[in-house]
Amino acid sequence: MSINYSERIPNNVDLASNKSLQRALEHWQPEYLNWWGEMGPEESQHMEIYLRTAVSVDAKGWANFGYVKMPDYRWGIFLAERDPNRKVNFGAHKGEGAWQEVPGEYRSTLRRLIVTQGDTEPASVEQQRHLGLTCPSQYDLRNLFQVNVEEGRHLWAMVYLLHAYFGRDGREEAEALLERRSGDANNPRILGAFNEKTPDWLAFFMFTFFTDRDGKYQLCSLAESGFDPLARTCRFMLTEEAHHMFVGESGVGRVIQRTCDVMNQLKTDDVERIRAAGVIDLPTIQRYLNFHFSVTMDLFGSDVSSNAATFYTNGLKGRFDETKRSDDHVLAGQTYPVLEIQGDKLAVVNAPALNALNEQLRDDYVKDAVAGIDRWNRIIEKAGVPARLHAPHKAFNRKIGPLSASKIDPDGHVVSEADWTHRHRAWLPTEEDRAFVASLMGRVTEPGRFANWIAPPARGINNQPVEFEYVRFN
Ligand SMILES: [Fe+2]
Ligand SMILES: [Fe+2]
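Residues numbered from 1 in each chain as written. Chains lettered and ligands numbered in written order. Predicted model: local features only at pLDDT ≥ 70, side-chain atom pairs only at ≥ 80, totals over all residues. Heavy atoms only, no water.

**A look at the coordination of the iron ion (ligand 1)**
Part 1: Note on the iron ion (ligand 1): its protein donors are Glu 121 (OE), Glu 151 (OE) and His 154 (ND1). The metal-donor distances range over 2.0 to 2.1 Å.
Part 2: Binding-site remark: the iron ion (ligand 1) is held by donors from one chain whose sequence spacing is E-x29-E-x2-H.
Part 3: Metal-to-metal, the separation of the iron ion (ligand 1) and the iron ion (ligand 2) is 3.5 Å; Glu 151 coordinates the two. Here the residue Glu 121 occupies a position in helix α2 (residues 107-127), and His 154 occupies one in helix α3 (residues 138-165), the gap between them amounting to 33 residues.
Part 4: Owing to a relative accessible area of 3%, Glu 121 belongs among the buried residues under this scheme. (Donors = N, O, S within 2.8 Å, 3.2 Å for Na, K, Ca; no water. Helix = DSSP H or I, 4+ residues; strand = E, 2+ residues; numbered from the N terminus. Buried < 20%, exposed > 50% of the residue type's maximum accessible area, 1.4 Å probe, protein only.)

Spelled out as structure tokens, the structure:
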């Protein structure tokens, strides 16, 4: 299953054998490049960047490193290999052969799922487009651009499905994916978190840790889909998503490392002194964490959702690790605990498991995110600093679902509006926090040099040294 790079659109789906599909995608390609030019990374057209490009979809062959100018990046269409024996593994169609075509009755639901996933990919590129101007190092700049080109490719993946399986509606949706704009009041991206700003590098690292991890959980659920082309597309995307989360986790980890080093040098935990030394104090890191965590919680959707039940029962979207679970994969009559606001308290109530699938995916995600926060805490612990970071309660600062009806603090207590007003500045980044972090953002472009507020990584990319020339500025 190697990828044919001699074609205008590199692919492993034998695009040449389907001329009308090939023509449709070749028509979309220049529109995509226009979008990249307008909304992709700022002032990056002439830089040569040490990027990886997929060369095949098997375990070892898919990462090939070399210098590329981003507009010349070979975006293409790569699906994981087909398993001819694959079945629909859950829901009412459990046991049927996996679908190679879209079942007519599920067409619009499936299209909506694909469009919603696809919309997040260009959105994050738009959110991150200014960051290159304030990169803390060449190494980090390269990682940012790697994430960006791969999100571009994820858009291609979804657009391929729309073009190949959804006819004219699919082509129209593919165009609309290039027309919406992150944060645009009139024509926003579909999901809330993807209309927030990513104004600085701490926000970027938090975003790739928390929000790309939501991507992982959504893709894992879609990789279980009975619609086989969607499952195969998502399985390949997951290999790339892992790097995005690495960028986030190691990025925040390096910020924490640097802060702890300075705290030890100065023998202080005084926020003003720490800030005066040009590093980001741990309480500010905690507030950024709270913000990105809570915004990402909302991406999983309403706690109790009949849509989630429909997606599952129809075999379109499974659970995380669906095929590794040892239950009946139908879930009829089963229950799952969800939270409800009762008076001035959160209460646990049992909902039908099928309707609580969003909540279950959110819980699976929280476990994974908390494990990552624990790894950050080990850095703090090793430095001998007594502070710790914490995941806020999953009900904190929610904007959708029934939990958004009340104000809930990071410990999961329902608080009054007045309480929230008085105390939210301790919980979420303030204007001052953001202005302070922004004031640290400079632009460091010399190989091997790093901005003062972040520690260098332990090692470079693809076994290259940390001081390697990851970006050639032409
Ligand atoms: Fe993505
Ligand atoms: Fe990603």
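Read on for the rest.
**Some words on the sheet that holds strand β7 (residues 471-472)**
Across a sheet, paired strands are connected by hydrogen bonds in the backbone, their directions being either parallel or antiparallel.
Part 1: Overall, antiparallel pairing links the 3 strands, which are arranged β2-β1-β7 in an open sheet. The open sheet is flanked by β2 (64-69) and β7, the only strands paired with a single partner.
Part 2: In the sheet, strand β1 (residues 48-53) pairs with β2 via 6 bridges, with the strands oriented antiparallel. The residue bridging Tyr 50 from the neighbouring strand is Tyr 67, located in β2.
Part 3: Lying over the sheet, α3 contacts β1, β2 and β7, oriented at roughly 50° with respect to β1. (Pairing = 2+ DSSP bridges. Contact = heavy atoms within 4.5 Å. Axes fitted to C-alpha atoms, helices over the stretch in contact; angles between N-to-C directions.)

**Let's talk about the coordination of the iron ion (ligand 2)**
Part 1: Ligation of the iron ion (ligand 2) by protein atoms is provided by Glu 151 (OE), Asp 212 (OD), Glu 241 (OE) and His 244 (ND1), these donors lying 1.8 to 2.2 Å from the ion.
Part 2: Considering all 4 donor atoms around the iron ion (ligand 2), angles at the metal cover 91 to 173° and the coordination shape is irregular.
Part 3: In the primary sequence, the donor residues of the iron ion (ligand 2) line up as E-x60-D-x28-E-x2-H.
Part 4: When its relative accessible area of 3% is taken as the criterion, Glu 151 is described as buried. (Tetrahedral: all angles 85-135°; square planar, octahedral: opposite > 155°, others 65-115°.)

**Description of empty space enclosed by the protein**
Part 1: For the structure shown, the criterion picks out 2 cavities of 30 Å³ or more.
Part 2: Its boundaries defined by the atoms lining it, the largest cavity holds a volume of some 110 Å³.
Part 3: Together, Ser 221, Ala 308, Phe 311, Tyr 312, Lys 317, Gly 318, Arg 319, Phe 320, Leu 357, Asn 358 and Leu 361 line the largest cavity.
Part 4: Elements with a minimum of two residues in the lining of the largest cavity: α9 (306-313) and α10 (357-382).
Part 5: Partitioned by chemical class, the residues of the lining of the largest cavity number 6 nonpolar, 3 polar and 2 charged.
Part 6: Of the pockets and cavities examined, the second largest cavity occupies roughly 50 Å³.
Part 7: Looking at the second largest cavity, the residues that line it are Gln 127, Ala 193, Glu 196, Lys 197, Thr 198, Phe 207, Thr 211, Phe 291, His 292 and Val 295.
Part 8: When contributions to the lining of the second largest cavity are tallied by element, the ones reaching two or more residues are α5 (201-222) and α8 (282-299).
Part 9: Looking at the lining of the second largest cavity, the element that brings in the most residues is α8, giving 3 residues. (1 Å grid on protein atoms, 1.4 Å probe; cavity = no way out; pocket = protein on both sides within 12 Å on 5 of 7 lines; lining within 4 Å. Points joined across faces, edges and corners; volume = space filled by probe spheres on them. Nonpolar A, V, L, I, M, F, W, Y, C, P; charged D, E, K, R; others polar.)

**A few points about the layout of surface pockets**
Part 1: The space that makes up the largest pocket amounts to roughly 800 Å³.
Part 2: The wall of the largest pocket is formed by 40 residues, among which Thr 116, Leu 191, Gln 218, Leu 299 and Phe 300 lie closest to the centre.
Part 3: Mapped onto the lining of the largest pocket, the elements with two or more residues apiece are α2, α5, α8 and α9.
Part 4: A per-class count over the lining of the largest pocket returns 14 nonpolar, 16 polar and 10 charged.
Part 5: Reported here for the second largest pocket is a volume of approximately 360 Å³.
Part 6: If you trace the second largest pocket, you find 18 residues lining it, with Phe 246, Ser 250, Arg 254, Ala 458 and Arg 459 closest to the centre.
Part 7: Counting only elements with at least two residues in the lining of the second largest pocket, the list comes to α6 (228-266) and α10.
Part 8: Classifying every residue of the lining of the second largest pocket gives 8 nonpolar, 6 polar and 4 charged.

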